[in-house]
Amino acid sequence: MAGTLKVGIAGGGWPGLRHVDGYRGAGGFKITAVADLIPERRDKLAAAAGAGVRAVDDVQALIADRSLDAISICLPTDQHVPVAIAAMKSGKHVIIEPPPAPLVRGAKQLAAAAARYDKVLLYALQRRFGGAEQAARQAMDKGYAGTPYHARAVWTRTRGVPQGTGWYTDPEKSGGGSMIDLGLPLLDLAWSMLGEPTPQSVYCVTHGRLGDLGGSVEEAAIALVRFEGGQSLELVSSWALNQPPSQNGTVCRVLGDAGALEIYTPRGPLLYRGFERGEPKETTLKLPKTTGHAALLRHFRECISGNAQPVTGAATGVMLMNIIEAIYKSAQTGKSADVKVPASESSDA
């Protein structure tokens, strides 16, 4: 598809505003319409998108707009499946804020619709597109840390229960608590750094001891994922947790047989090599020029033009939700849970 792509943005919260920034930074897009049910958020989104942008209160107006080439779906999780399928059916490519859906069957429905209507389906897993994350990925691809065998991925808030319009803490609408909200993006990042191995089993413990959520969904979760070939991933998330202030934030550490990568530090992503003497050499990795949502939406544009395949596309969404579903099953049963992933869903290739 040549020329400037016309896009609409559904949802005027923080993600929708970041998509505005991303489309501008990526180039090749023109935002022509936005939608949000809440007038204040709709007006803020329209103002950010620029003069002449049509603002409506119903996402169905964006779906019906034949001039749009694509839609950003930045809506509550339970709306992703019906809105995205309708948009793809109407001829539009879609980029969806994670998680894909409250349950894995929703991710499968989205994957089937993308194939049926031959449209790009990309999940806005922007952790893969940050500067530190891209630099670490390049170092791993070049073999600087050798073959990765373990990763630790953490996103914890001491007191950071999301408010929104109340849907975050409703499991029927959100699919869960901190794990599906914060854990899933870090799961995707760490899994990609490990080389996207096929998961085998999960063991998880969840906590709701502080009373912040009344037991509706988990406040915190700790999981261990085992992959084929013996690779492993420790995954920790929390909305509410009693912890030292220094622990509030994100960690992604990847261990390889020739070195290690620490993605989030005050000095940027770090590579450690030369462990033989017990004092490894530390190297600060160089960041790419295009990062964050600009890099994400540039990739979206390349996928639409046919110059790239989605790195976080339909099969990735199914895979992540299969792991998340196993995590919650393990937490409920108190036992290890197998991750049921058909071979056809093992990659986006």
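Residues numbered from 1 in each chain as written. Predicted model: local features only at pLDDT ≥ 70, side-chain atom pairs only at ≥ 80, totals over all residues. Heavy atoms only, no water.

(A) Up close: the overall build of the protein. The helix and strand tally for the protein stands at ten helices and 15 strands. In terms of overall size, the protein behaves like a compact globule, its C-alpha atoms giving a radius of gyration of 20 Å where 349 residues would be expected to give roughly 20 Å. By principal-axis analysis of the C-alpha atoms, the protein measures approximately 60 × 45 × 40 Å. Within the protein, residue pairs in contact and separated by at least 24 positions form 69% of the contacts whose partners lie at least 6 positions apart. (Helix = DSSP H or I, 4+ residues; strand = E, 2+ residues; numbered from the N terminus. Rg over C-alpha atoms; globule rule 2.2 N^0.38 Å. Contact = heavy atoms within 4.5 Å.)

(B) Representation of the sheet that holds strand β7 (residues 148-156). Taken in spatial order, the nine strands line up as β14-β13-β12-β11-β7-β10-β9-β8-β15 in an open sheet, and their pairing is mixed. Two strands close off the open sheet at either side, each with one partner strand: β14 (281-284) and β15 (337-338). Across the face of the sheet, helix α10 (residues 314-333) comes into contact with β8 (199-207), β9 (220-227), β10 (232-238) and β15 while running at roughly 50 degrees to β8. (Pairing = 2+ DSSP bridges. Axes fitted to C-alpha atoms, helices over the stretch in contact; angles between N-to-C directions.)

(C) Spotlight on the packing of aromatic side chains. Summed over all chains, the structure comprises three aromatic pairs. Measuring from ring centre to ring centre gives 4.7 Å for Y23 and F29, while their planes differ by 65 degrees; the resulting arrangement is edge-to-face. The residues Y23 and F29 share a single accessibility class, namely buried. Taken together, a centroid distance of 4.0 Å and an interplanar angle of 20 degrees make the contact between W167 and Y168 stacked. Clustering of aromatic rings is evident, with ring pairs tying together Y23, F29 and F300. When the ring centre of W155 is taken as reference, the NZ or CZ atom of R127 above it lies at 4.4 Å. The cationic tip of R273 hangs over the ring face of Y144; the distance from NZ or CZ to the ring centre is 4.9 Å. (Phe/Tyr/Trp six-rings, centres within 6.5 Å; stacked < 30°, edge-to-face > 60°. Buried < 20%, exposed > 50% of the residue type's maximum accessible area, 1.4 Å probe, protein only. Lys NZ or Arg CZ within 6 Å of the ring centre and 35° of its normal.)

(D) Quick peek at the pattern of salt bridges. Counted according to the given criterion, the structure contains nine salt bridges. Here D21 and R18 are joined by a salt bridge, their closest N and O atoms 3.0 Å apart. Placement of the pair is D21 and R18 together in helix α1 (residues 14-26), with a separation of three residues, close to one helical turn. A relative accessible area of 39% places D21 in the partly exposed class. Residue classification places R18 among the partly exposed residues on the basis of a relative accessible area of 24%. Where R128 meets E196, a salt bridge forms, and the shortest distance between an N and an O atom there is 3.0 Å. Of this pair, R128 sits in the loop between β6 (121-123) and α6 (131-141) while E196 sits in the loop between α8 (178-193) and β8, and the two are 68 residues apart along the sequence. Judged by relative accessible area, which is 14%, R128 ranks as buried. Through salt bridges with shared partners, a single ionic network connects R128, D188 and E196. (Salt bridge = Lys/Arg side-chain N within 4 Å of Asp/Glu carboxyl O.)

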